[in-house]
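Letter by letter, the chains look like this.
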Amino acid sequence: MIRYLYGDQLATQPLLADSMFRDRADQFHTRLGWEVTVDAQGFERDQYDALNPLYVLWQKPCGRHGGSMRFLPTTGRTMVNEHFLHLTEGVRIASPLIWECTRFCLARDAGPGVAAALMLAGGEVMRGLGVEHFVGVFDARMVRIYGRIGASPEVLGHQGEGRGRISVGLWGYSPEAQARVAASAGIEPAQSRRWFEAAFGAAPVAPAAAVRAA
């Protein structure tokens, strides 16, 4: 199932949170060889985890992490503006209608529909929290994954070629895209909406109310 938790709510789900940070270390440090910080507990965390982001997580039946991604509004600090401006030729992306998506992570044993389920949940965030677009930086391996899911972004800029290519992309929401991603995930849109409403309620949430202070 999909869970939506702000950073200050992670303590209510310790098994889910701890396994997420350990899976992040496994993916980004061990498997991909990124220069990330892994602490003595085996957790991968960075400065943006301290900003009370919104986490979207796939929780396995055992309660552990199966996949996740992290969201922050671009009106505050973001990776794309602080570390990847060269990909947008120095143009800052900052709008209350655009949130940044980072740390897209899948557990080693994640099922084939987990990546699509996370993207489907991203659409719920757009619909429910008044967000029009997500922006994110991704590497070459993600191009195939996004294409398979049916959620390929508009590429705003890139650097490098082949496996070393890094791009910044923009995702929007449409009912057609939701239908494609839901089919890829094997999840009915109504079920996806119920998971979102379990976290935020049935009524739409205004964008200003959706951004929680760190």
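Before reading on, note that the structure itself is shown above.
Now for a quick tour of the structure. (Residues numbered from 1 in each chain as written. Predicted model: local features only at pLDDT ≥ 70, side-chain atom pairs only at ≥ 80, totals over all residues. Heavy atoms only, no water.)

Looking at the pairing of strand E2 (residues 54-59)
Right, on to step 1. Within E2, six of the six residues are buried, leaving the element largely enclosed by the surrounding structure.
Right, on to step 2. Here E2 shows a buried face lined by Leu54, Val56 and Trp58 and a second buried face lined by Tyr55, Leu57 and Gln59.
Right, on to step 3. Two strands pair when backbone bridges link them, and strand E1 (residues 2-6) and E2 are joined in this way by five bridges, in the antiparallel orientation. By the bridge assignment, Arg3 is partnered in E2 with Leu57.
Right, on to step 4. Judged from the six bridges that link them, E2 and strand E3 (residues 65-73) form a sheet pairing that is antiparallel. Residue pairing in the sheet places Gln59 in a bridge with His65 of E3. (Buried < 20%, exposed > 50% of the residue type's maximum accessible area, 1.4 Å probe, protein only. Helix = DSSP H or I, 4+ residues; strand = E, 2+ residues; numbered from the N terminus. Pairing = 2+ DSSP bridges.)

Considerations on the sheet that holds E3
Right, on to step 1. Overall, mixed pairing links the seven strands, which are arranged E1-E2-E3-E4-E5-E7-E6 in an open sheet. Where the open sheet ends on each side, the last strands, each with one partner, are E1 and strand E6 (154-159). Ignoring which end each strand starts from, the neighbouring axes of this sheet average 25 degrees apart.
Right, on to step 2. The pairing of strand E5 (residues 133-139) with strand E7 (residues 166-172) spans seven bridges and is classified as antiparallel. For Val135, the partnering residue across the bridge sits in E7 and is Leu170.
Right, on to step 3. Helix H6 (residues 189-200) rests against E1 and E2 of the sheet, and its axis sits at about 30 degrees to E1. (Axes fitted to C-alpha atoms, helices over the stretch in contact; angles between N-to-C directions. Contact = heavy atoms within 4.5 Å.)

With respect to the environment of Pro112
Right, on to step 1. Here Pro112 is to be found in the loop between strand E4 (98-106) and helix H3 (114-129).
Right, on to step 2. With a relative accessible area of 80%, Pro112 lands in the exposed category.
Right, on to step 3. Residues Pro112 and Lys60, 52 residues apart in the sequence, show an inter-C-alpha distance of 13 Å.

What about H6?
Right, on to step 1. With 12 residues, H6 should cover 16 Å at 1.5 Å per step; its first-to-last C-alpha distance of 16 Å lies within 8% of that length.
Right, on to step 2. Within H6, the full set of buried residues consists of Ser192, Arg193, Trp195 and Phe196. Projected onto a plane normal to the axis of H6, the buried residues spread over an arc of 155 degrees and lie on a single side.
Right, on to step 3. At its buried positions, H6 is contacted by E1, E2 and H3.
Right, on to step 4. Gly201 sits one or two positions beyond H6 and adopts a positive phi of about 90 degrees. (Expected span 1.5 Å × (residues − 1). Arc of directions from axis to C-beta.)

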